[in-house]
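Secondary and tertiary structure notes
Residues per chain, in single letters:
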Amino acid sequence: GSPRFSFAIAGARRMGKTTLLRRLEMKLQQHLATWRKGGKLVIPIYIDGQTLPDVLTDTYLWGYLFRELKKVIHQLPEAPDLMNFQDFRENMIPVLHQLDDIPRIIVMFDEIELIMGCPWAYTFLSNWRALLSNTPKVSEYVAVVFAGAQESSALKQDLGSPLANVVELRSLQN
């Protein structure tokens, strides 16, 4: 919907973060046709941190995300396996606002702590901040959910976090 909301979901192991994201993905998938009739192109993308390559790079993630979007938005150009954020953004801008339906891209990152441990994590989060709030003709179409253990709370609460005032923190508790 609008306004869009993005979230960081924190919770201990076995609290239901994956179940929550999978149910969200399932609910979004169930209503794609209904939203399409209403002029919205909803694109849920679930990324399971446990299935990411052992040697993970931000260029792999941006390329993966772009290829997932290309499966639905056929007007996007072909993407290489590895793509930097600048190329990701520049390839999205001319396409998203020209679609017949209003796109709503919801990216769900499960096990974000695997990304948070990478040396490029701060830059990756800074790029997400730019994507969510500072990229005209893209920002209005994108939302993200980051889920993980305590790292998710760091996304929101740490004063130095690029996402400090961009995502809403939700904690799962017993």
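Located above this text is the structure these notes cover.
Residues numbered from 1 in each chain as written. Predicted model: local features only at pLDDT ≥ 70, side-chain atom pairs only at ≥ 80, totals over all residues. Heavy atoms only, no water.

For Phe 7, the location among the structural elements is in strand E1 (residues 7-10). Residues Phe 7 and Glu 168, spaced 161 residues apart in sequence, show a C-alpha to C-alpha distance of 4.6 Å. (Helix = DSSP H or I, 4+ residues; strand = E, 2+ residues; numbered from the N terminus.)

All right, on to the nonpolar core then. With 38 residues, the main nonpolar core has Leu 69, Phe 88, Met 92, Phe 109, Ile 115, Phe 124 and Trp 128 as its most contacted residues. Per-element accounting of this core gives the leading share, six residues, to helix H6 (residues 121-133). Sequence-distant contacts of Leu 69, defined by excluding residues within four places in its chain, comprise Ile 43, Ile 45, Leu 76, Phe 88, Met 92 and Ile 105. Listed in part, the nine residues of the second largest apolar core include Ile 9, Leu 21, Leu 28 and Ile 106. (Core = buried A, V, L, I, M, F, W, Y, C linked by side-chain atoms within 4.5 Å. Buried < 20%, exposed > 50% of the residue type's maximum accessible area, 1.4 Å probe, protein only. Contact = heavy atoms within 4.5 Å.)

To continue, consider the packing of aromatic side chains. On inspection of all chains with the given rule, the structure shows eleven aromatic pairs. With a centroid separation of 5.3 Å and an interplanar angle of 15°, the aromatic rings of Phe 109 and Phe 146 are classed as stacked. Here Phe 109, found in strand E3 (residues 102-110), pairs with Phe 146, found in strand E4 (residues 142-148); they are 37 residues apart in sequence, far enough to count as distant. The rings of Trp 62, Phe 66, Phe 85, Phe 88, Phe 109, Trp 120, Phe 124, Trp 128 and Phe 146 are connected pair by pair, giving a single aromatic cluster. (Phe/Tyr/Trp six-rings, centres within 6.5 Å; stacked < 30°, edge-to-face > 60°.)

Here we come to the pattern of salt bridges. Within the structure shown, the criterion is met by five salt bridges. Of the charged contacts in the structure, one is a salt bridge between Lys 70 and Glu 78, with a shortest N-O distance of 3.7 Å. Lys 70 sits in the buried class, given a relative accessible area of 18%. With a shortest N-O distance of 3.7 Å, Arg 89 and Glu 90 are connected by a salt bridge. Under the relative-accessibility criterion, Glu 90 is labelled partly exposed at 41%. (Salt bridge = Lys/Arg side-chain N within 4 Å of Asp/Glu carboxyl O.)

Here we take up helix H1 (residues 17-30). Over its 14 residues, H1 runs 20 Å from end to end, which matches the ideal 20 Å to within 8%, given 1.5 Å per residue. Buried within H1 we find Lys 17, Leu 21, Glu 25 and Leu 28. Down the axis of H1, the smallest arc covering the buried residues is 70°, so these residues share one side. Against the buried residues of H1 lie E1, helix H2 (32-37), strand E2 (40-48), E3 and E4. (Expected span 1.5 Å × (residues − 1). Arc of directions from axis to C-beta.)

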